[in-house]
Amino acid sequence: MVKIENVTFNYGETSEQCLRGISLRIKKGECVLLCGESGCGKTSVTRLVNGLIPHFYEGEFSGEVVVAGRDVSVTTPDALAGIVGSVFQNPRSQFFSLDTTGEIAFGLENLGLPSAYIRKRVRETAVALGIERLLGRDIFALSGGEKQLVAIASAYALAPKIFVFDEPSSNLDWDAVVELAGIMLRLKQEGRTLIVAEHRLYWLSGLIDRVVCMESGQIKHEWPADEFLTMPESERRGLGLRVLNPGELYPTASIVDPGGFRSEASAAVSGFFHPEMVIANQDVLHHEAVIPGSNALRVDAKPQEQAAPYLKVAGLSAQYGRRNHVLHDISFEVSPGEAVAILGGNGAGKTTMARTLCGLHSKSSGEISLYGINLPAKARAGPFYLVMQESGYQLFTDSVENELLLSKNRRSRPANEKVEDILESLSLTDFRERHPMSLSGGQKQRTAIGTAMAHNAQILIFDEPTSGLDYRNMQRVVAVIERLRAEGKTIFIITHDYELLLAACTRALILEDGNVKSDFPVTCENVNKVREVFS
Amino acid sequence: MVRFDPRTKLLVLVLINVVIFASPDIRTEWLCMGMVAVLLLVMGCLRQLWYGLLIYAVLMAVFYLCTLADNFFTAFVSMTIICIRKIMPTVFFASGLMATTKVGDLVSAMQKLHIPKVIVIPFTVTLRFFPTAKEEFAAIRDAARLRGLRFSMERTLVPMMLRCANIAEELSAASVTRGIESIGKRTSMRELKFGLPDAVMAAVFLALGIFAVMGGVPLLYG
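Residues numbered from 1 in each chain as written. Chains lettered and ligands numbered in written order. Predicted model: local features only at pLDDT ≥ 70, side-chain atom pairs only at ≥ 80, totals over all residues. Heavy atoms only, no water.

**Thoughts on the overall build of chain B**
Formally: Numbering of helices and strands runs from the N terminus; a helix is a DSSP stretch of H or I covering at least four residues, while a strand is a stretch of E covering at least two. Here's how the labels work: a residue is buried when its accessible area is under 20% of the maximum for its type, exposed when over 50%, partly exposed in between, all with a 1.4 Å probe on protein chains only. By definition, residues are in contact when any of their heavy atoms lie within 4.5 Å. Accessible surface area values rest on a Shrake-Rupley calculation with a 1.4 Å probe, where residue burial reflects the displayed protein chains alone.
Regarding its fold elements, chain B presents eight helices and zero strands. Each helix and strand of chain B, ordered N terminal to C terminal, gives the series α-α-α-α-α-α-α-α. Seen through its C-alpha atoms, chain B measures out along the principal axes to roughly 60 × 55 × 30 Å. Counting the 222 residues in chain B, one finds 47% classified as buried. Considering only contacts within chain B whose residues lie at least 6 apart along the sequence, 79% involve residues at least 24 apart. By element, 74% of the accessible surface of chain B is carried by carbon and sulfur atoms, the whole surface being about 11600 Å².

Given below as structure tokens:
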């Protein structure tokens, strides 16, 4: 069905070779997993099959690719459109229409099929994939998982014999991944050939027939599925692959004693305010809190009690508009050095909670306080920092170093030695001159974390920090989080990544319909409780 | 709710522009706004209708207030309002057009009008980009707020352009794998057919266009 013969390719004259002498044959009806670390060339192999290489991504190409009896180098991508269906990583950037039905019809319209047939085919597709509920919807209002199903449907409508998936699960939550796996199984049962490039493996174990492992543009290993599935976890890890049997994992995050940080963290927090405000011991005082980069802000400072909790959230509610109540009366306390996983399904309120904590969204009632000091929204941006899923948004300057130095005003500019330390501790020293946009996803993320450290953020909230990361990069994220915790920072992580959760989090906070459903430490005894959330 | 052929809607869009720029008289503009409002009502775009009229009413009110005081500032505001007002009927109708037209239908309609593909594809990609650009802008604004940075063109637009360039490339790759470059004639899910409503709408706005070119409302007062 697919024959790749000794293909070498690089994207531009200057860039290094990205595929080096690849040869691969895939039989009809086979499901092949392409795996390997980020940058190993697995995405490029998928592009050979759908013709984007060499037709869309131009470069130096040699070798031969034959798909369903056609030589790809002389077949235009639109001729391949009815043969190979492609599903990409980012559900945000693969839609052409604004509505789902139009999107599923889009390919059929391009190929000039009669209107009546298009309508019939869109219907058939929705029925075959069990997604009738998604027809006629606004694409921008869909969840990531739903978008990915529509992407599969729009490829399916053209009845391709081959499906190519490029990291289809990386932006999806657990439930959506399960649904994705179900649909892919159906495609396989219909006799279609599936080629999947992926980091996350656990959801593919019932699907794959063969595994191809790549390394720097070459095929390093090839196994039949059963041999791959039965090899020890450590061997797969050595190849940079993510966990296959999440059931065998146990919590490994180190426990940090919060007591040791009390004074230290208190001092750091007081860095955001005039010191007397934190020390103040009498009546309610009005003091000017100095928030890096903005105008001075008045904060109500209450006398600090002896054992005032570090971060206290009490009766927090938030809403969008007048009617859409998202969070209801949420209360919890957190100590320095804790890493709290925020879990829950779509619409449980995870994102709203993160945004409210950082002061991006204003609460409708309740209190958020650090060491007994109630902080209004404006005062929270600074001590609280959100590391976004696409951290590229958070970088504004022309080099990594300037990024760390960029601050609201001269007074809050971090010292040079501090910047040095941060660059070193995040292994960014070699990239200090690089433009942030030229960095890899993991490097951008570390730069964003660096800016938070440079400005003494005490509470860091990570939104899906490991989406699309391979094992080694995930380990890096875990190491950075451990280091931050050891410095007494408090970490929140919104994640669907079970492997990350067990490796990095000490506590789980489960939200459901805007309420705290449960809140417990992540320990070996509790591991079943965590597993429940993911099943 | 009446459905119109996308080609008729495009024609009306052009005619509205003719009306606005042919006639400097404000009453003709009101007439045109009124007719677009009725049209949106017929097309079932209540949200667009409500917001459009609201914005227009606010603009008119501020404009009126400006005529009460006569100084440099009010003259400047009035000028700005006139500029915005001039494009209001077009934007007003365009919002309804986008809400009721599938991108695929629009592409096919433009192709049937023999508009070349090099214009059609960028045009539709641009339309597709508005909601994306809105999302991107909101994310960058949030990121700036997190760091207490004030809005600046350089800090907002540069990351936004880079992000959008990225998305545009991924979007193009996705559309290529779905046959956008196909040489044959493109079809559409809904058959494009002129009906009675199209004829009525086209005739009414054509009449309005001719009326405006001949002089608009002042014509009636001799």
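Having seen it, we continue.
**With respect to the layout of surface pockets**
We count it as follows: The method works on a 1 Å grid over the protein atoms by themselves. A cavity is a set of points holding a 1.4 Å probe that cannot get out, a pocket is an open set with protein on both sides within 12 Å along at least five of seven lines, and residues with an atom within 4 Å of a point line them. Grid points are joined across faces, edges and corners, and a volume is the space filled by probe spheres set on the points.
Quantified by volume, the second largest pocket comes out at close to 1600 Å³. Of all the secondary-structure elements, those providing two or more residues to the lining of the second largest pocket are helix 1 (6-22), helix 3 (46-68), helix 4 (72-100), helix 5 (103-112) and helix 6 (117-146) of chain B.

**Brief notes about the domain arrangement of chain B**
Residues and elements named next belong to chain B. As a reminder, the rule being used: Each domain's limits were defined by an automated method or a database of domain assignments. Put simply, buried area is how much 1.4 Å-probe accessible surface two parts lose in total, over both of them, once they are put together. Between Lys or Arg on one side and Asp or Glu on the other, a salt bridge is scored when a side-chain nitrogen of the former is within 4 Å of a carboxyl oxygen of the latter. Two N or O atoms count as a polar contact when they lie within 3.5 Å, although within protein this holds only if one can serve as hydrogen donor and the other as acceptor, and sequence-adjacent residues are included solely when both atoms are side-chain atoms.
The domains assigned to chain B are domain 1 (1-101 + 193-222) and domain 2 (103-189). Between the C-alpha centres of domain 1 and domain 2 there is a distance of 27 Å. Contacts between the two partners involve six residues from domain 1 and, on the opposite side, eight residues from domain 2. Approximately 630 Å² of surface area, both sides summed, lies buried where domain 1 meets domain 2, with 87% of it carried by carbon and sulfur atoms. Together, Arg7, Leu10 and Met98 form the three largest contributors to the area buried by domain 1 at its contact with domain 2, with a combined 66%. At the junction of domain 1 with domain 2, the criterion picks out zero salt bridges. Between the two partners, domain 1 and domain 2, sit zero residue pairs in polar contact (both at pLDDT 80 or more). For the side of domain 1 that touches domain 2, the secondary-structure elements that each account for two or more residues are helix 1 and helix 4. Looking at the side of domain 1 that touches domain 2 element by element, the count peaks at three residues for helix 1.

**A short note on the interface of chain B and chain A**
Reports of interface size often rely on the accessible area that becomes lost once the parts have come together. To keep things clear, this is the line we draw: All amino acids are sorted into three groups, where Ala, Val, Leu, Ile, Met, Phe, Trp, Tyr, Cys and Pro are nonpolar, Asp, Glu, Lys and Arg are charged, and the leftover types, Gly among them, are polar.
Contact residues are listed per partner, giving 50 residues for chain B and 60 residues for chain A. On the chain B side of the contact with chain A, B:Leu146, B:Arg147 and B:Arg178 bury the most area, a combined 18% of that side's loss. Where chain B meets chain A, there are five salt bridges. Two residues, A:Arg355 and B:Asp142, come together in a salt bridge whose shortest N-O distance is 2.5 Å. Put simply, chain B and chain A have 17 residue pairs in polar contact (both at pLDDT 80 or more) between them. Elements with a contribution of two residues or more to the side of chain B that touches chain A: helix 5, helix 6 and helix 7 (153-176) of chain B. Its residues assigned to classes, the side of chain B that touches chain A shows 20 nonpolar, 11 polar and 19 charged.

**Topic: helix 4 (residues 100-110) of chain A**
Most of helix 4 of chain A sits out of view: 11 of its 11 residues are buried. Those residues of helix 4 of chain A not exposed but buried are A:Thr100, A:Thr101, A:Gly102, A:Glu103, A:Ile104, A:Ala105, A:Phe106, A:Gly107, A:Leu108, A:Glu109 and A:Asn110. The elements touched by buried residues of helix 4 of chain A are helix 5 (115-129) and helix 6 (144-156) of chain A together with helix 5 and helix 7 of chain B. With a side-chain oxygen positioned 3.5 Å from the backbone nitrogen of A:Thr101, the residue opening helix 4 of chain A is A:Asp99. Where helix 4 of chain A ends, the next residue or the one after it, A:Gly112, has phi of about 75 degrees, a positive value.

**A few points about the pattern of salt bridges**
Residue and element names in this part refer to chain A. Counted by the stated rule, this structure contains 29 salt bridges over all chains. The closest approach of N and O atoms between arginine 210 and glutamate 30, which form a salt bridge, is 2.7 Å. In this pair, arginine 210 is assigned in strand 9 (residues 210-215) and glutamate 30 in the loop between strand 2 (19-26) and strand 3 (31-35), connecting sequence segments 180 residues apart. Summarising the burial analysis for this pair, arginine 210 and glutamate 30 share the class buried. Look at the salt bridges and you will find they share partners, linking Arg133, Arg137, Glu146 and Glu179 into a network.

**Examining the packing of helix 4 of chain A against helix 5 of chain A**
Residue and element names in this part refer to chain A. Rule in force here: Here, axes are lines fitted to C-alpha atoms. For helices the fit covers the stretch in contact, and angles between N-to-C directions go from 0 to 180 degrees. Geometric relationships in this document are graded by angle, where less than 35 degrees denotes roughly parallel, more than 145 denotes roughly antiparallel, 65 to 115 denotes roughly perpendicular, and other angles denote oblique. Here is the rule for handedness: rotate from the far helix to the near one, and if that takes an anticlockwise turn smaller than a right angle the crossing is left-handed, while a clockwise turn gives right-handed.
With their axes 10 Å apart at the nearest point, helix 4 and helix 5 run at an angle of 125 degrees to one another. When the interaxial angle is binned, helix 4 and helix 5 end up oblique. The way helix 4 lies across helix 5 gives a crossing that is right-handed. Of the residues in helix 5, those touching helix 4 at Thr101, Ile104, Ala105, Leu108 and Glu109 are Ile118, Arg121, Val122 and Thr125. Residue composition of the contact of helix 4 with helix 5, grouped by class: five nonpolar, two polar and two charged.

**Details of the confidence of the model for chain B**
Worth spelling out the cut-off: As a per-residue quantity, pLDDT reports the predictor's confidence and falls between 0 and 100.
Residues at a pLDDT of 70 or more form 100% of chain B, whose mean pLDDT is 86. Both scores are available for the predicted complex, with the pTM at 0.81 and the ipTM at 0.80.

**Brief notes about the packing of helix 6 of chain B against helix 7 of chain B**
All names here are of chain B. Remark: helix 6 packs on helix 7, axes separated minimally by 10 Å, with the N-to-C direction vectors making an angle of 135 degrees. Considered as vectors, helix 6 and helix 7 are oriented oblique to each other. Handedness of the helix 6/helix 7 crossing: right-handed. Residue-level contacts link Arg128, Phe129, Thr132, Ala133, Glu136, Phe137 and Ile140 of helix 6 to Arg155, Thr156, Pro159, Met160, Arg163, Cys164, Ile167, Ala168 and Leu171 of helix 7. A breakdown of the residues in the contact of helix 6 with helix 7 according to their chemical character gives 10 nonpolar, two polar and four charged.

**Structural notes on the domain arrangement of chain A**
All names here are of chain A. Considered domain by domain, chain A is made up of domain 1 (2-247) and domain 2 (258-383 + 456-533). The interface is formed by 20 residues belonging to domain 1 together with 16 residues belonging to domain 2. For the pairing of domain 1 and domain 2, the buried interface totals around 1500 Å² over both sides, and the portion due to carbon and sulfur atoms is 44%. The largest share of the area that domain 1 buries against domain 2 comes from Asp173, Arg237 and Arg242, three residues that together contribute 35% of it. Summed over the shared surface of domain 1 and domain 2, the number is three salt bridges. The interface formed by domain 1 and domain 2 holds nine residue pairs in polar contact (both at pLDDT 80 or more) in total. Grouping the amino acids of the side of domain 1 that touches domain 2 by side-chain chemistry returns five nonpolar, nine polar and six charged.

**Observations regarding the packing of aromatic side chains**
All names here are of chain A. Defined as follows: Only the six-membered ring of Trp is used, alongside the rings of Phe and Tyr, when aromatic pairs are assigned; centres must lie within 6.5 Å, and planes under 30 degrees apart are stacked while those over 60 apart are edge-to-face, with the rest tilted.
The full count for this structure, using the stated rule, is 12 aromatic pairs over all chains. A centroid spacing of 5.0 Å and a plane angle of 85 degrees characterise the contact between phenylalanine 56 and tyrosine 57, whose relative ring orientation is edge-to-face. Judged by its relative accessible area of 25%, phenylalanine 56 is partly exposed. For tyrosine 57, a relative accessible area of 12% puts it in the buried group.

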